[in-house]
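Take a look at the letters that make up each chain.
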Amino acid sequence: MTFYDELIKHDWDTEENSIFNKTDRDVRIALSKERCTPEDFKALISPAAEPFLREMAKKAEELTLRRYGRTIQMYIPLYVSNHCSNSCVYCGFNCHNKIHRVKLEVDQVMEEIEVLKRWGFRHLLLVSGEAPRLTDADYYEKIVKAVRPHFAQISLEVQPLLTEEYARLVDAGISYVCVYQETYNERTYPDFHPRGQKANFRFRLETPDRCGTAGVNKIGIGALLGLQNWRTDSFFTALHLRYMERTHWRTKYSISLPRLRPHVGSFMPKDPISDRQMAQLICAYRIFDPEVDISLSTRESAEFRDMAMRIGVTTMSAASSTEPGGYASAPHKELEQFVINDGRSVEEMAVAIRAKGYEPVWKDWDEWM
Ligand code: SF4
């Protein structure tokens, strides 16, 4: 049994209608509970909950402070390759886009990490386009082994791999894998992911299950907000989270909320989510799951990120580049996956976090733990 077996019991349109039919009373019931069900989560993300945003933010802040204190975990993504054999319609690395392609070798990666270490980062997220013939598990293993002595935590955001490949990478030193389903709507998924391995909806959906079986310490899931109705995709993300926590209960979890950003290409979001709705969604996730790590990247504006740390976000990146080799050498804008929105330096970000009364944390665990 995997999450796919649970997902197919739900009809997308029925769940969407049910979210839009939630009432004030459903929202009040959800807000009064110690532990919310997926039905309560629907109420919290529904239009009926919009007038309750202040109350939701207060509850979300209290729950976050109780579990995480006034801390924000810091990480930095390192793009090792922008080769990709997929053609996701919303992405600048789409194989049809005529951009310069780069794959970093170990010595180039080491030049990048010298910069990141100087900036103070101890948590590194290795990111890559999905080109399994060029960047396979052997390649990632080589990179992980080279960078492992320099970082307290290594995370991976690359193409879905097999269970035994994840197990090998855990042995090499990764502790955290992020894999986003983009949309949980199996019917429309092929419209956005027409070719390559990513066209296989089920293989992607079952990746967190494979990570859990392989002993990955922490798993990140999420949907790309704007592809489909954001409320419905967020409901399925919450369902996925609950399933994972029940099935792979030794593992920790993280939710990301990537919003579609400008990129090379012309695809525009079908259902854009406003800042106010994003804030509602962050509060809803926190109330639904007081334990889950909530991560917000530099896709979001400085103003929004400064506000979001008060209502439930616990992990942030800073000074990110989305192009391979973008830290050690001068940036080449045409290599970017998407356009960064919060361009503050590491120092500026640390100052902004402290100004809100929070402490930036550069690593969240030690090897002996
Ligand atoms: S989203 Fe990922 S898989 Fe899709 S084109 Fe971009 S890099 Fe490739």
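Counting restarts for each chain: residues are numbered from 1 in the order of the written sequence. Side-chain atom pairs in this predicted model are given and counted only at pLDDT of 80 or more, local residue features only at pLDDT of at least 70, and totals for whole chains, interfaces and linings cover all residues. Hydrogens and water molecules were not included; the side-chain quantities draw on all heavy atoms of the structure.

An unreviewed UniProt entry lists the protein chain under the name Thiamine biosynthesis protein ThiH, with Porphyromonas canoris given as the organism. UniProt positions are given in the numbering used here, feature names are shortened, and annotations may be inferred rather than shown by experiment. Taken verbatim from the UniProt record of the protein chain, the Cofactor (unreviewed entry) comment is "[4Fe-4S] cluster".

Another aspect to go through is the environment of Arg276. Runs of H or I in DSSP of at least four residues are treated as helices and runs of E of at least two as strands, each being numbered from the N terminus. Looking at the secondary structure, you find Arg276 in helix α13 (residues 275-288). Accessible area is worked out with a 1.4 Å probe on protein chains only. A residue is then buried under 20% of its type maximum, exposed over 50%, and partly exposed in between. The exposed category is assigned to Arg276, whose relative accessible area is 52%. When the C-alpha atoms of Arg276 and Tyr90 are compared, they prove to be 23 Å apart, with 186 residues separating the residues in sequence. Throughout, a contact is declared for two residues whenever any of their heavy atoms are within 4.5 Å. What Arg276 contacts, discounting residues up to four positions off in sequence, is Glu50 and Leu53. One polar contact links the side chain of Arg276 to the main-chain carbonyl oxygen of Glu50, over a distance of 3.4 Å. We call two N or O atoms a polar contact when they sit within 3.5 Å, provided that within protein one can donate a hydrogen and the other can accept it, with sequence-adjacent residues counted only if both atoms are side-chain atoms.

Below, the discussion takes up the pairing of strand β2 (residues 123-128). Counting buried positions along β2 gives six out of six residues, so the element sits mostly inside the fold. Taking every second residue as pointing to the same face, both faces of β2 are buried, with His123, Leu125 and Val127 on one and Leu124, Leu126 and Ser128 on the other. The sheet contact formed by strand β1 (residues 71-81) and β2 spans five bridges and is parallel. In the strand pairing of β2, Pro77 is matched with Leu125. Pairing between strands is defined by DSSP: at least two bridges between them are needed. Bridge count between β2 and strand β3 (residues 153-157): five bridges; the pairing is parallel.

Another aspect to go through is the side chain of Asp306. Along the chain, the position of Asp306 falls in helix α14 (residues 302-308). Aside from chain neighbours lying at most four places away, what touches Asp306 is Arg344, Ala352 and Lys356.

This part is about the site of the ligand. Each residue is tested against the molecule or strand, and it is near if at least one of its non-hydrogen atoms lies within 4 Å. Residues in close proximity to the ligand total eleven residues, the closest being Cys84, Asn86, Cys88, Cys91 and Lys198. Taken together, the residues that form the shell around the ligand break down as five nonpolar, four polar and two charged. Side-chain classes follow a simple rule in which Ala, Val, Leu, Ile, Met, Phe, Trp, Tyr, Cys and Pro form the nonpolar group, Asp, Glu, Lys and Arg form the charged group, and the remainder, Gly included, forms the polar group.

So, on to the pattern of salt bridges. Salt bridges are counted wherever a side-chain nitrogen of Lys or Arg sits within 4 Å of a carboxyl oxygen of Asp or Glu. With the rule as written, the count across this model stands at 25 salt bridges. Residue Glu50 pairs with Arg231 through a salt bridge whose shortest N-O separation is 3.0 Å. Placement of Glu50 in the loop between α4 (38-45) and α5 (53-68) and of Arg231 in helix α12 (residues 230-247) is noted, with a sequence separation of 181 residues between them. Linked through salt bridges whose partners overlap, the residues forming this network are Glu15, Lys22, Glu39 and Lys42.

On to the state of the cysteines. Disulfide: a pair of cysteine sulfur atoms within 2.5 Å of each other. Applying the stated criterion across every chain, the model contains zero disulfides. The thiol of Cys283 is unpaired, and the distance to the nearest cysteine sulfur, on Cys36, comes to 12 Å. For Cys283, a relative accessible area of 1% corresponds to the buried category.

On to the packing of α4 against α13. Interaxial distance between α4 and α13 falls to 9 Å at its minimum, and their mutual angle equals 160°. Here α4 lies roughly antiparallel to α13, going by the angle between them. The two elements α4 and α13 cross, and the hand of that crossing is right-handed. Residues Pro38, Phe41, Leu44 and Ile45 of α4 form the contact with α13, whose participating residues are Gln280, Leu281, Ala284, Tyr285, Ile287 and Phe288. A per-class count over the contact of α4 with α13 returns nine nonpolar, one polar and no charged. For helices, the fitted line uses only the C-alpha atoms of the stretch in contact; every axis is such a line through C-alpha atoms, and the angle between N-to-C directions lies from 0 to 180 degrees. Under this scheme an angle from 65 to 115 degrees is roughly perpendicular, one under 35 degrees roughly parallel, and one over 145 degrees roughly antiparallel; angles in between are oblique. Handedness of a helix crossing follows the sense of rotation of the near helix relative to the far helix, less than a right angle counterclockwise being left-handed and clockwise being right-handed.

Looking now at the layout of surface pockets. Detection works on a 1 Å grid of protein atoms alone, calling trapped sets that fit a 1.4 Å probe cavities and calling open sets with protein on both sides within 12 Å along at least five of seven lines pockets, with lining residues defined by an atom within 4 Å of a point. Grid points are joined across faces, edges and corners, and a volume is the space filled by probe spheres set on the points. In this structure, the largest pocket encloses a volume near 490 Å³. Taken together, 25 residues make up the lining of the largest pocket; nearest its centre are Arg67, Tyr68, Lys252, Glu291 and Asp293. Elements represented by at least two residues in the lining of the largest pocket include exactly α5, α12 and β6 (252-256). Considered class by class, the residues forming the lining of the largest pocket number eight nonpolar, six polar and eleven charged.

The N-to-C vectors of helix α3 (residues 24-32) and α5 enclose an angle of 15°; their axes lie 11 Å apart at closest approach. Considering the angle they form, α3 stands roughly parallel to α5. Between α3 and α5 the crossing geometry is left-handed. Of α5, the residues touching α3 (which contributes Ala30, Leu31 and Ser32) are Glu55, Met56 and Lys59. For the contact of α3 with α5, the per-class residue count stands at three nonpolar, one polar and two charged.

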